[in-house]
Structures are given as C-alpha cells and as structure tokens.
Amino acid sequence: MGLVDPEKVVSCEQVREMAAGRIDVDNDRYRTPFDLCCRSLFEQIEHSCDVVLLGSIATPKYVEPLLEIFGERLLFPVEFVGRGDMSRGGLMLRAVEAEMELVYAPVLNAIRHGARPPKLAPAARNRNSSNSRPI
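The numbering scheme is per chain: residues are counted from 1 as the chain's sequence reads. Where totals are concerned, whole chains, interfaces and linings use all residues; where local detail is concerned, this predicted model gives features only for residues with pLDDT of at least 70, and gives and counts side-chain atom pairs only at 80 or more. Hydrogens are left out, water is left out, and the side-chain values use all remaining heavy atoms of the structure.

Draft legend 1. Highlighting the nonpolar core. In this structure, Leu 66, Phe 70, Leu 74 and Val 107 are the most contacted members of the largest nonpolar core, which totals 16 residues. When residues of this core are traced back to their parent elements, those giving at least two are α2 (28-45), α3 (60-70) and β2 (74-77). Counting from the N terminus, the helices are the DSSP runs of H or I reaching at least four residues and the strands are the DSSP runs of E reaching at least two. Top contributing element to this core by residue count: α3, with five residues. Residues contacting Phe 70, with those up to four places away along its chain left out, are Cys 38, Leu 41, Phe 42, Ile 45 and Val 51. In these notes, a set of buried Ala, Val, Leu, Ile, Met, Phe, Trp, Tyr and Cys residues joined through side-chain atoms within 4.5 Å is what counts as a nonpolar core. Each residue's exposure class comes from its accessible area (1.4 Å probe, protein chains only) as a fraction of the maximum for that residue type: buried when under 20%, exposed when over 50%, partly exposed otherwise. Contact criterion: two residues are considered in contact whenever any of their non-hydrogen atoms come within 4.5 Å of each other.

The structure is reproduced here in structure tokens:
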C-alpha cells in the first residue's frame, strides 16, 4: 500500500495482505508502492524540510529506499543507535513527557549499529489519570 494517510481506515483483510508480503529491498511488491509514495512526498516537500526516520536504521529494508530518495535530508534520532523497537518507543515517550526534542543526524554515513545503551529509567506515572500505569 505504500505510505498510508494516518486517517485511513485499514481493514483486517488489508492488514493480512500486508502481513503476507515480504519487506525486502528486492521485492517489487514492497518497493514499487513504497518508492512511489516516497517520491510523491519528496516532490511535495521539495526543500522545505528534512525527513526523520523513527524506525530502525540498522537494516537496509527501509533505509536503502529512503536514502535513494531523500539522501542527506533523511535524519534519525542519534539516541536510537543500539536500541530495539520497544526501547526506541520508550525513549520517544519519555522525550515527549519531558518536552525534550531528540537530537537528529543524517542517516547517510551514520554508524547504524552500536553497543546497546543502558536500559531506560522507569517512566514517571501519570498521576492525573484514573488508569495510571507506567509507560
């Protein structure tokens, strides 16, 4: 499906179809819609902004196609190096809670693999909610 508008409702059947696909830089079923959407986005933003990848930069399946289109304008949070999915998510939640912007660097020529950083400190509880639980 390529990049999908966040407001789009996706059916269970569409999710199954996406899950059955292979995310691989050599898979045309993945690459063609992804590349088309990224090129369209590139044309829309022209030189007005950078693009921030909030996913893994350790594997080529996302990075290679994005670098081909966005080049040096493709950035990532440097704190992501060495972190897994859950840790990246926790880091972003804590940054939002602290109203702190992460530090971004170009993906091009970046160190994409690194030592695992220390575990995140436990998140503060939201005391204003009746459903308070740690994030």
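After that view of the structure, there is still more to cover.
Draft legend 2. Expanded view of unusual backbone geometry. Even without being glycine, Glu 46 reaches a positive phi, approximately 45°. Tracing the backbone through its elements, the reader meets Glu 46 in the loop between α2 and β1 (51-52). On the accessibility criterion, Glu 46 (54% relative accessible area) is exposed. Here Glu 99, not a glycine, exhibits a phi torsion of approximately 55°, which is positive. Within the secondary structure, Glu 99 is located in the loop between α4 (85-97) and β3 (104-106).

Draft legend 3. Expanded view of the packing of aromatic side chains. Between 30 and 60 degrees the pair is tilted, below 30 it is stacked and above 60 it is edge-to-face, where a pair is any two Phe, Tyr or Trp rings, Trp via its six-membered ring, whose centres lie within 6.5 Å. According to the stated counting rule, one finds two aromatic pairs in the structure shown. Taking 5.4 Å as the distance between ring centres and 25° as the angle between the ring planes, the aromatic pair formed by Tyr 30 and Phe 34 counts as stacked. Linking Tyr 30 with Phe 34, this pair stays in helix α2, spanning four residues, or about one helical turn. With a relative accessible area of 12%, Tyr 30 lands in the buried category.

Limitation: the analysis is restricted to geometry and does not speak to function.
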